[in-house]
Amino acid sequence: MISQVFILSSKGDHLIYKDFRGEAGKDAVNKFYEMVTALTGGQPPVVMKHKELHFVHIRQGGLYWVATTKADASPFTIIEFLNRLTALVKDYCGCLSEKSVQMNFALIYELLDEVVDFGYIQTTSTDILKNFIQTEAVSSKPFSLFDLSNVGLFGADTQQNKVAPSAAATRPIVSSQGEQGGKNEIFVDVIERMSVVIGANGVLMKADIEGEIRVKCYMPSCSGEFSFSLPPPSLLSGYGAAVRVDECSFHQAVRLDEFDTYRILKVCPSQGEQTVMQYQLCDDLPTAPPFRLFPSIERDSGGRLLMYLKLRCDLPPKRSLPLLSLFSPSLFSSLSQELSSPDQSAELQPKNKAVHWEIPRFPGGAQLSALFKLEVSGLSAASLQEVGPVSLNFELPKYTSTGLQIRFLRLSPIQPGPSQRWVRYVTHSDSYTIRI
């Protein structure tokens with residue numbers, strides 16, 4: 001039983017507030033933000049309590065999505081509800097951001113009225129709700145007739161026509177008339193999150209990969225099905241070393257008739273986004289980690305701490321990393337730096353007691369270096385042991401650590417009119433730590 005639902009920006013601005021039962025006042029919003037900002041260190045707990053009121057929240061799109069309850073409700077049920085609510089808002093508004101929520105506040109209030117009735121959850125299905133939602137979604141990026149980036153000379157096709165723009169999958173699924181706004185498209189995203197720990201001697205100590213296959217469908221008619229194929233059984237776990245997956249689970253709408261033999265997944269398409277498969281790989285990587293660090297820490301004659309970092313990208317030369325950030329905890333009072341290229345930057349972060357080294361572009365096979373000279377008060381031999389570890393934050397497009405690939409994406413029966421199918425791969429650094 002849910003008492004309230006509200007959405008806050010990262011600065012505490014009130015974007016959406018809905019009270020279903022009148023059990024708690026509006027001051028609960030300010031109390032929640034005070035409790036979150038008063039905490040120091042890492043992420044705040046998902047469930048918090050103030051007197052008799054329980055706060056359950058998640059972070060999506062840089063926003064706080066919060067539900068309150070006074071009943072003895074399962075927190076996992078409320079967390080699942082909030083996750084499905086964010087998926088609904090993403091389906092109807094196109095993307096999750098503060099600007100999108102502000103521009104579509106009327107649509108979000110209408111969704112909340114249909115989803116929750118007096119604190120009881122009714123439905124979170126996009127297909128069911130599209131028959132009742134009447135408010136038109138407002139796109140944050142209006143259509144422009146002057147956007148001719150994909151048009152060649154005399155209207156000829158260009159190479160860019162084979163690549164979907166980055167905002168192609170962030171438009172609303174349905175319009176107020178219940179029709180899909182835009183082209184008939186299906187997006188299949190293979191997303192992996194890496195948790196890696198590399199020892200000071202360069203040995204891989206821990207490697208966990210959590211992956212999922214998401215499908216976002218813009219097809220107006222959902223009478224058929226589509227199927228896509230993973231690598232054949234000879235390449236999966238237990239049959240070879242090319243692709244290895246330890247555990248996997250599937251959405252209830254996935255048919256596995258041909259999975260054991262041909263590794264084909266069949267899904268009945270429905271408008272909106274859904275995760276059709278989740279998988280996990282533990283303890284070992286089929287390929288080498290994408291980054292290697294060669295650190296050197298010493299003390300100079302002037303009593304300063306010299307930290308020399310040489311970072312190597314072990315990706316293929318044709319691949320390029322758009323942005324890489326390194327954090328190295330250390331004790332310091334001032335910093336001077338020597339970087340290997342002028343487009344890089346480094347700064348002190350006294351709040352986190354860390355040095356932040358940002359690399360805007362890192363091509364595969366390249367090697368970059370940085371020399372940091374730290375002024376440390378009371379530097380001793382023990383101070384050298386307090387430096388590190390180094391944490392890397394990155395996003396690798398067109399890359400999967402497990403080597404999982406989609407062999408084909410097929411619609412059956414053939415949909416009327418032109419349709420497009422897109423497959424995207426991306427790997428995130430959930431936790432990439434290198435000890436020094």
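See above for the structure.
Parameters and conventions
- Residues numbered from 1 in each chain as written.
- Predicted model: local features only at pLDDT ≥ 70, side-chain atom pairs only at ≥ 80, totals over all residues.
- Heavy atoms only, no water.
- Helix = DSSP H or I, 4+ residues; strand = E, 2+ residues; numbered from the N terminus.
- Buried < 20%, exposed > 50% of the residue type's maximum accessible area, 1.4 Å probe, protein only.
- Contact = heavy atoms within 4.5 Å.
- Polar contact = N/O pair within 3.5 Å; in protein donor to acceptor, adjacent residues only side chain to side chain.
- Pairing = 2+ DSSP bridges.
- Axes fitted to C-alpha atoms, helices over the stretch in contact; angles between N-to-C directions.
- Expected span 1.5 Å × (residues − 1).
- Core = buried A, V, L, I, M, F, W, Y, C linked by side-chain atoms within 4.5 Å.
- Parallel < 35°, antiparallel > 145°, perpendicular 65-115°, else oblique.
- Left-handed = near helix turned anticlockwise from the far one by under 90°.
- Nonpolar A, V, L, I, M, F, W, Y, C, P; charged D, E, K, R; others polar.
- Patch = residues over 30% accessible without salt bridge, like charges linked within 9 Å, V, L, I, M, F, W, Y side chains within 5 Å.
- Areas by Shrake-Rupley, 256 points an atom, 1.4 Å probe, with all protein chains shown as cover.
- Salt bridge = Lys/Arg side-chain N within 4 Å of Asp/Glu carboxyl O.
- Phe/Tyr/Trp six-rings, centres within 6.5 Å; stacked < 30°, edge-to-face > 60°.
- Lys NZ or Arg CZ within 6 Å of the ring centre and 35° of its normal.

(A) View of the environment of Ser429. Tracing the backbone shows Ser429 in strand S26 (residues 419-434). Using a relative accessible area of 13% as the deciding quantity, one classes Ser429 as buried. Between the C-alpha atom of Ser429 and that of Ile209, which follows or precedes it by 220 residues, the distance is 9.6 Å. Setting aside residues up to four positions removed in sequence, Ser429 forms contacts with Met194, Leu392, Asn393 and Phe394. Within polar-contact distance, the side chain of Ser429 engages the backbone oxygen of Leu392 at 3.4 Å. At 2.8 Å, the side chain of Ser429 and the backbone nitrogen of Phe394 are in polar contact.

(B) Spatial organisation of the sheet that holds strand S19 (residues 334-339). Pairing within the open sheet is antiparallel, and its four strands lie in the order S15-S16-S23-S19. With one partner strand each, in any of the chains shown, strand S15 (291-299) and S19 form the two edges of the open sheet. Strand-to-strand twist of the sheet, defined as the mean angle between neighbouring strand axes without regard to direction, takes the value 15°. With eight bridges joining them, strand S16 (residues 305-313) and strand S23 (residues 367-375) adopt antiparallel strand pairing. Looking at the pairing, Met307 lines up with Phe372 of S23.

(C) Representation of helix H2 (residues 75-93) in the model. With 19 residues, H2 ought to run about 27 Å at 1.5 Å a step, and its terminal C-alpha atoms sit 26 Å apart, in line with that. Looking only at H2, the buried set comprises Ile78, Phe81, Leu82, Leu85, Thr86, Leu88, Val89, Asp91, Tyr92 and Cys93. Gly94 sits one or two positions beyond H2 and adopts a positive phi of about 100°.

(D) Spatial organisation of the sheet that holds strand S4 (residues 53-60). Ordered by their spatial adjacency, five strands build an open sheet running S2-S1-S5-S4-S3, and the pairing between neighbours is antiparallel. Edge positions in the open sheet fall to strand S2 (14-19) and strand S3 (47-50), since each of these has one partner strand only. Within this sheet the neighbouring strands show an average axis-to-axis angle of 20°, counted without direction. In this structure, strand S1 (residues 4-8) lies alongside strand S5 (residues 63-69), joined through five bridges in antiparallel fashion. Bridge pairing links Leu8 to Tyr64 in S5. Along the sheet, H2 contacts S1, S3, S4 and S5; its crossing angle with S4, the most-contacted strand, is approximately 40°.

(E) Focus on the nonpolar core. Residues Phe291, Phe372, Leu392 and Tyr432 are the most contacted members of the largest nonpolar core, which totals 33 residues. Elements represented by at least two residues in this core include exactly strand S8 (184-198), strand S9 (204-217), S15, S16, strand S21 (354-359), S23, strand S24 (390-397) and S26. Top contributing element to this core by residue count: S16, with five residues.

(F) Summary view of the packing of H2 against helix H4 (residues 105-115). One way to put it is that H2 packs onto H4 with a least axis distance of 11 Å and a crossing angle of 135°. Our classification of the angle between H2 and H4 gives oblique. For the pair H2 and H4, the crossing hand works out as right-handed. Where H2 abuts H4, its residues Phe81, Leu85, Leu88, Val89, Tyr92 and Cys93 lie against Leu107, Ile108, Leu111, Leu112 and Val115. Considered class by class, the residues forming the contact of H2 with H4 number 11 nonpolar, no polar and no charged.

(G) Summary view of a nonpolar patch on the surface. On the surface, Met1, Phe118 and Tyr120 cluster together into a nonpolar patch covering about 300 Å² of accessible area. When you line up the elements, Met1 lands in the segment before S1.

(H) Local environment of the packing of aromatic side chains. Evaluation of the coordinates by the stated rule reveals 12 aromatic pairs. On the numbers, 6.4 Å between centres and 80° between planes, the contact of Tyr33 with Tyr64 is edge-to-face. Here Tyr33 is found in helix H1 (residues 27-38), whereas its partner Tyr64 is found in strand S5, with 31 residues between them in sequence. The exposure class of Tyr64 is buried, given its relative accessible area of 8%. Ring geometry for Trp357 and Phe372: centres 6.2 Å apart, planes at 75°, overall edge-to-face. Note that Trp357 is positioned in strand S21 and Phe372 in strand S23, a separation of 15 residues in sequence. In this pair, the class of Trp357 matches that of Phe372, namely buried. Here the aromatic cluster, defined as three or more aromatic residues joined through ring pairs, consists of Phe6, Tyr17, Phe32, Tyr33, Phe55 and Tyr64. In this arrangement the basic side chain of Arg263 is found over the ring face of Phe259, its NZ or CZ atom lying 4.7 Å from the centre. The ring of Phe294 carries the charged tip of Lys310 above its face, separated from the ring centre by 5.7 Å.

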